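Next come the chains, spelled out residue by residue.
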Amino acid sequence: MAQTQTQTQIDLERLADEMNVTLTDIFGRYVAQGSPTKLGGLRFLDVQSSKTFAFEKTEVSEDGTGNLLILSAPYHGTEDGIRKTLAKGPYGSEIRRLSVRGSADAGKADKRFVEVAYYLPTASWLTDEAILAFAKKHKLINSRDALTGILKEKVLPVASEIMEFLITEIRTNLDH
């Protein structure tokens, strides 16, 4: 008898909401260094650059195999220039969408922001086997805690590395 591998159907929309909650761990670290903005959400002011950055709402990927981690940051230069810069940064090969938009804040209508979506293969991270292994390793009694633990283990380093890159790039290029 052949061994079959099971796969629980994962609701990627609910998973996106769970990832948004998970991202508050990183957001808290940035707020401790700066401050949240009046627009709410996971937006924060980087004091050193006096610029606003954000972890935007996570979405389901177009192909339904994972989620899109969406971040926004101010930018200078051309759209092509920011695209090339981000492609060279961490997880640049995972960029699925990049758009440039004006600020939602009426007082900053002339300010431009880049919104970039990075693909995360969340469905492949959360197989039944992976959840059971994580639960066993960490002595967890329910799969929900294991799912949350896997998300923290996988998403937080990626989100942190990308945001650090964005902040560093903006600080470096303030005068250009």
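Owing to the predicted nature of the structure, the values given are computational and were not obtained by experimental measurement. (Residues numbered from 1 in each chain as written. Predicted model: local features only at pLDDT ≥ 70, side-chain atom pairs only at ≥ 80, totals over all residues. Heavy atoms only, no water.)

### Observations regarding the nonpolar core
- With 43 residues, the main nonpolar core has Phe-55, Leu-86, Leu-126 and Met-163 as its most contacted residues.
- The element best represented in this core is helix H6 (residues 143-172), accounting for 14 residues. (Core = buried A, V, L, I, M, F, W, Y, C linked by side-chain atoms within 4.5 Å. Buried < 20%, exposed > 50% of the residue type's maximum accessible area, 1.4 Å probe, protein only. Helix = DSSP H or I, 4+ residues; strand = E, 2+ residues; numbered from the N terminus.)

### Looking at the pattern of salt bridges
- Taken as a whole, this structure holds 12 salt bridges when the rule is applied.
- For the salt bridge of Lys-57 with Asp-17, the shortest nitrogen-to-oxygen distance reads 3.3 Å. Placement of Lys-57 in the loop between strand E3 (51-55) and strand E4 (59-60) and of Asp-17 in helix H1 (residues 12-22) is noted, with a sequence separation of 40 residues between them.
- Residue Asp-25 pairs with Lys-152 through a salt bridge whose shortest N-O separation is 3.5 Å. Here Lys-152 lies in helix H6 and Asp-25 lies in helix H2 (residues 24-33), a separation of 127 residues in the sequence.
- Residue classification places Asp-25 among the partly exposed positions, given a relative accessible area of 39%.
- What you see here is one network of salt bridges that share partners, running through Arg-43, Glu-56, Arg-101 and Glu-115. (Salt bridge = Lys/Arg side-chain N within 4 Å of Asp/Glu carboxyl O.)

### A word on the packing of aromatic side chains
- Applying the stated criterion across every chain yields a total of three aromatic pairs.
- Taking the centre distance of 6.4 Å and the plane angle of 35° together, the rings of Phe-44 and Phe-55 count as tilted. Taken together, the residues Phe-44 in strand E2 (residues 42-46) and Phe-55 in strand E3 connect sequence positions 11 residues apart.
- For Phe-44, a relative accessible area of 1% translates into the label buried. (Phe/Tyr/Trp six-rings, centres within 6.5 Å; stacked < 30°, edge-to-face > 60°.)

### Describing the confidence of the model for the protein
- For the protein, the average pLDDT comes to 85, and 85% of its residues sit at 70 or higher.
- For the protein, strand E1 (residues 35-36) is the element with the lowest average pLDDT, namely 62, and E4 is the one with the highest, namely 96.
- This model gives residues 1-8 a pLDDT under 50, and the stretch forms nine contacts once residues within four places in sequence are excluded. (pLDDT = per-residue confidence, 0-100. Contact = heavy atoms within 4.5 Å.)

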